[in-house]
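Per-entry structural report
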Amino acid sequence: SSKKLKKLAVSGVPIEESEIIKDLPRNPKVSGVKMLIKAAILNNDFLKYLEEDQIDTIVDCMYKKEVPAGTKVITEGEMGLHLYVTEEGELQVSKKGEILRNMGRQTLFGELALLYDCERTATVQALTPAKLWTIDRRIFQLVMMKTTKTKREAYVSFLKSVPLLQTASEQTLVRIAECLEEETYEQGQYIVRQGEVGDCFFIIMDGEVRVTEKVGNRIQEKRKLNRGDYFGEKALDGNGDVRTASCIAETGIVKCLLLDRGPFLQLIGSLQEMKEALDRRPGSLPRPRSEYVDEQILL
Ligand code: CMP
């Protein structure tokens, strides 16, 4: 997923470096070139999930590199220092001497070694003189980080609106934000299944979640949860790790922020609000702020 990709891509870049993002070396380009680079990025399976502002920054920071026919732009097994987009020319990708494919205009290459911190997976050689656009590894990785920072800030401002976290300090919210993973679910999808072993905590960012509890043969609809509500805490509080209810995506798309057991216990489990919620009704989830649905459905 793009999430995983971003995590990999920022590995090894110290966090403070994101501060210098505004001073990145930008190179003005005509709009036709910008469109070409952007199209090449959107056409690449690994990079097409980047956010709009990341793509725009990469486009801005790329600079021109022209190479004569025969140039090995990338050599298999070497360390990757640049990412490329072709504007003109024909290049050949080969691995262990075997030709994999030829690439023409508007193609992005050299992304794998930068994204996954691995050696170049193939050799790329210019068959004709080629006009390329390139970005340095370091700059590329900083760009990948920038949105992580923007995201973190967005999470913090959302977390401030979460009732459970009203008394959490700014520092705690930042630490929570650093540990969050975003996940989306489709309507009807089980986010948490009763009886399963659970190891993470959920905060709803968008959509509605239905909580059901099976007692004997009956499925009781316990309640509905919305943006800012949370679930999944019971299995993490140290009394066994089995989910006490099922949580099902009720609306078209449900977006949740997930926190693993460790950070949850450390950052949220110790909040007074959470302690009270866990104490309130042993064996069931904390009472909702809004409506309480309790119709019984026969299996
Ligand atoms: P990287 O490994 O950084 O450097 C070599 C590049 O060749 C690689 O990134 C990809 O962009 C490209 N590449 C590798 N394998 C293939 C393939 N099977 N088909 C097309 N392009 C490839």
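Look above for the structure.
The shown structure was predicted, so the numbers you read here are calculated from the model rather than taken from an experiment.

1. Digging into the site of the ligand
Around the ligand sit 14 residues, and of these Phe 109, Leu 112, Ala 113, Thr 121 and Ala 122 come closest. Elements represented by at least two residues in the shell around the ligand include exactly strand E5 (98–103) and helix H4 (111–116). No other element matches H4, which puts three residues into the shell around the ligand. When the residues that make up the shell around the ligand are grouped by side-chain class, the tally is eight nonpolar, three polar and three charged.

2. A look at the packing of helix H2 (residues 31–42) against helix H3 (residues 52–61)
Relative orientation of the contacting elements H2 and H3 amounts to 130 degrees, with a least axis distance of 10 Å. Regarding the angle of H2 to H3, the classification is oblique. Crossing hand, H2 versus H3: right-handed. Where H2 abuts H3, its residues Lys 34, Ile 37, Lys 38 and Ile 41 lie against Ile 55, Ile 58 and Val 59. Residue classes in the contact of H2 with H3 are distributed as five nonpolar, no polar and two charged.

3. What about H2?
With 12 residues, H2 extends 16 Å between its outermost C-alpha atoms, agreeing within 8% with the 16 Å of an ideal straight helix rising 1.5 Å per residue. For H2, the set of buried residues is Leu 36, Ile 37, Ala 40 and Ile 41. What you see down the axis of H2 is that its buried residues fit within an arc of 135 degrees, all on one side. Projecting away from the buried face of H2 at angles above 90 degrees are the exposed residues Ser 31 and Gly 32.

4. Digging into unusual backbone geometry
Not every positive phi belongs to a glycine, and Gln 106 is a case in point at roughly 65 degrees. Note that Gln 106 resides in the loop between E5 and strand E6 (108–109). Owing to 17 C-beta atoms within 10 Å, Gln 106 belongs among the partly exposed residues under this scheme. Despite not being glycine, Asp 117 has its phi angle at roughly 55 degrees, a positive value. Counting through the fold element by element, Asp 117 comes out in the loop between H4 and strand E7 (123–126).

5. A short note on the pairing of strand E11 (residues 200–206)
For E11 and strand E16 (residues 253–260), the ladder comprises six bridges, and the chain directions are antiparallel. Counted as the bridge partner of Phe 201 is Leu 259 from E16. Here E11 runs beside strand E14 (residues 230–231); their pairing, made up of two bridges, is antiparallel. Residue pairing across strands places Ile 203 opposite Tyr 230, the latter belonging to E14.

The rules behind each value
- Residues numbered from 1 in each chain as written.
- Predicted model: local features only at pLDDT ≥ 70, side-chain atom pairs only at ≥ 80, totals over all residues.
- Near = placed C-beta within 6 Å.
- Helix = DSSP H or I, 4+ residues; strand = E, 2+ residues; numbered from the N terminus.
- Nonpolar A, V, L, I, M, F, W, Y, C, P; charged D, E, K, R; others polar.
- Axes fitted to C-alpha atoms, helices over the stretch in contact; angles between N-to-C directions.
- Parallel < 35°, antiparallel > 145°, perpendicular 65-115°, else oblique.
- Left-handed = near helix turned anticlockwise from the far one by under 90°.
- Contact = placed C-beta atoms within 7 Å.
- Expected span 1.5 Å × (residues − 1).
- Buried ≥ 20, exposed ≤ 12 C-beta atoms within 10 Å, placed from the backbone.
- Arc of directions from axis to C-beta.
- Pairing = 2+ DSSP bridges.

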